[in-house]
Amino acid sequence: MKRVEPESIGDVLRQTLQEQGMTGRLYETKAIAAWPSVVGGDIAAMCGRPMVYKGLMTIYVRSAALRHELNMCRSQLMRLINEAVGREVVTDIRFK
């Protein structure tokens, strides 16, 4: 039996995610996790859990006034979320 150099678990997981085509979904999950830190805990509590699919982040907002304010800051929010993730994951945000 041939001896192979050990690999770190992180490297093995990264390689497996790339082979399975799951890296995009992993970054979408990171974008969802970044939402409360970007907008703050109080605003995040007034919104539903965000969903990201193919670059579109959808967030349900209970208050029409808050929805309007968030919609006006949409481009800045996208930039902050993408900076938190470290790559461009979110290409559009919709508030419902």
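Analysis parameters
- Residues numbered from 1 in each chain as written.
- Predicted model: local features only at pLDDT ≥ 70, side-chain atom pairs only at ≥ 80, totals over all residues.
- Heavy atoms only, no water.
- Salt bridge = Lys/Arg side-chain N within 4 Å of Asp/Glu carboxyl O.
- Buried < 20%, exposed > 50% of the residue type's maximum accessible area, 1.4 Å probe, protein only.
- Core = buried A, V, L, I, M, F, W, Y, C linked by side-chain atoms within 4.5 Å.
- Helix = DSSP H or I, 4+ residues; strand = E, 2+ residues; numbered from the N terminus.
- Contact = heavy atoms within 4.5 Å.
- Polar contact = N/O pair within 3.5 Å; in protein donor to acceptor, adjacent residues only side chain to side chain.
- Phe/Tyr/Trp six-rings, centres within 6.5 Å; stacked < 30°, edge-to-face > 60°.

Describing the pattern of salt bridges
Note that side chains of opposite charge can pair when their charged atoms are close. Within the structure shown, the criterion is met by four salt bridges. Notably, a salt bridge pairs D92 with R94, separated by 4.0 Å at the nearest N-O pair. Exposure remark for D92: the relative accessible area of 24% places this residue in the partly exposed category. Its relative accessible area of 45% is what places R94 among the partly exposed residues. Salt bridges linked by common partners bring R74, D92 and R94 together as one network.

Concerning the nonpolar core
Ranked by internal contacts, the top residues of the largest apolar core, which has 20 residues, are W35, M57, I59, I81, I93 and F95. Looking at this core, the elements with two or more residues in it are α2 (23-39), β2 (56-59), α4 (64-72), α5 (74-85) and β3 (92-95). In this view, I81 contacts A31, W35, V38, M57, V90 and I93; residues no more than four positions away in its chain are not counted.

Things to note about the environment of N82
Relative to the assigned elements, N82 resides in helix α5. What N82 contacts, discounting residues up to four positions off in sequence, is R87, E88, V89 and V90. Among the polar contacts listed, one links the side chain of N82 to the backbone nitrogen of V90, at a separation of 2.9 Å.

A closer look at the packing of aromatic side chains
In total, this model carries one aromatic pair according to the counting rule given. Where W35 meets F95, the ring centres are 6.4 Å apart and the plane angle is 45°; that geometry is what we call tilted. Residue W35 is found in helix α2, and its partner F95 is found in strand β3; the two are separated by 60 residues along the sequence. Since its relative accessible area comes to 1%, W35 is described here as buried.

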